[in-house]
Amino acid sequence: MKSILLLLLLLSTSYNFSGKGEIEWKSMESAIEASTSDDKPIFVDVYTDWCGWCKILDKKTFQDDEVVQYVKENYHAVKLNPEKDGSFTFKGKTFTNESYTDQHEINSYPAIIVLHPNGKEKVFMGYKDTKSFLEILKKYKRQVN
């Protein structure tokens with residue numbers, strides 16, 4: 001029993017130091033507040049619990065070290081499920097999760113919304129691999145600065 005516990009402890013310790021990071025997901029409210037103060041844009045991962053491609057996006061693209069680092073340095077990240085309750089205020093309007101995605105005519109998942117409190121918003125539909133996702137974020141970052 002002690003051997004098993006020691007093995008589990010060693011495995012968890014080595015995992016913690018493996019360099020794997022995670023995207024820091026925020027609520028829409030806290031991302032908007034942070035973006036207003038530091039001028040970083042926001043990317044919103046629009047997903048549903050039943051979406052297979054959303055799960056692949058989470059496991060592959062959003063776990064990539066380069067993506068995690070780029071998002072950490074340049075964006076605030078939000079996960080938004082239009083099928084779950086939630087509301088927030090943006091640009092003086094109050095939205096539910098569903099009404100915000102309806103406004104952007106999102107009818108398939110996953111979708112990425114990139115936005116800046118200054119008003120610029122852009123929607124990208126469908127699964128994005130690491131390279132495509134980083135290209136989107138880098139291009140949008142240049143457009144808002």
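Here, the structure is the one placed above.
Residues numbered from 1 in each chain as written. Predicted model: local features only at pLDDT ≥ 70, side-chain atom pairs only at ≥ 80, totals over all residues. Heavy atoms only, no water.

Engineer: Any details on the state of the cysteines? Residues and values, ideally.
Structural biologist: Applying the stated criterion across every chain yields a total of one disulfide. At a sulfur-sulfur separation of 2.4 Å, the disulfide partner of Cys51 is Cys54. In this structure, the disulfide formed by Cys51 and Cys54 twists by about 85° around the S-S bond and is classed as right-handed. Neither Cys51 nor Cys54 differs from the other in exposure class; each is buried. (Disulfide = S-S within 2.5 Å. Buried < 20%, exposed > 50% of the residue type's maximum accessible area, 1.4 Å probe, protein only.)

Engineer: Report on the environment of Gly86, specifying residues and quantitative values.
Structural biologist: By the element assignment, Gly86 lies in the loop between strand E3 (76–80) and strand E4 (87–90). The spacing of Gly86 and Met28 is 58 residues in sequence and 9.5 Å in space, taken between C-alpha atoms. Excluding residues within four positions of it along the chain, Gly86 makes contact with Phe95, Thr96 and Asn97. (Helix = DSSP H or I, 4+ residues; strand = E, 2+ residues; numbered from the N terminus. Contact = heavy atoms within 4.5 Å.)

Engineer: Lay out the pattern of salt bridges with the relevant residues and their values.
Structural biologist: For the structure on display, the rule yields four salt bridges. In this structure, Asp49 and Lys84 form a salt bridge, with 3.3 Å as the shortest nitrogen-oxygen distance. Of this pair, Asp49 sits in the loop between strand E2 (42–46) and helix H3 (52–59) while Lys84 sits in the loop between E3 and E4; the two residues are 35 residues apart in sequence, bridging distant segments of the chain. Since its relative accessible area comes to 43%, Lys84 is described here as partly exposed. Put simply, Asp58 and Lys79 hold a salt bridge, and the shortest N to O gap is 2.7 Å. Highlighted residues: Asp58 in helix H3 and Lys79 in strand E3, separated in sequence by 21 residues. Taking the relative accessible area as the measure of exposure, Lys79 reaches 27% and is therefore partly exposed. (Salt bridge = Lys/Arg side-chain N within 4 Å of Asp/Glu carboxyl O.)

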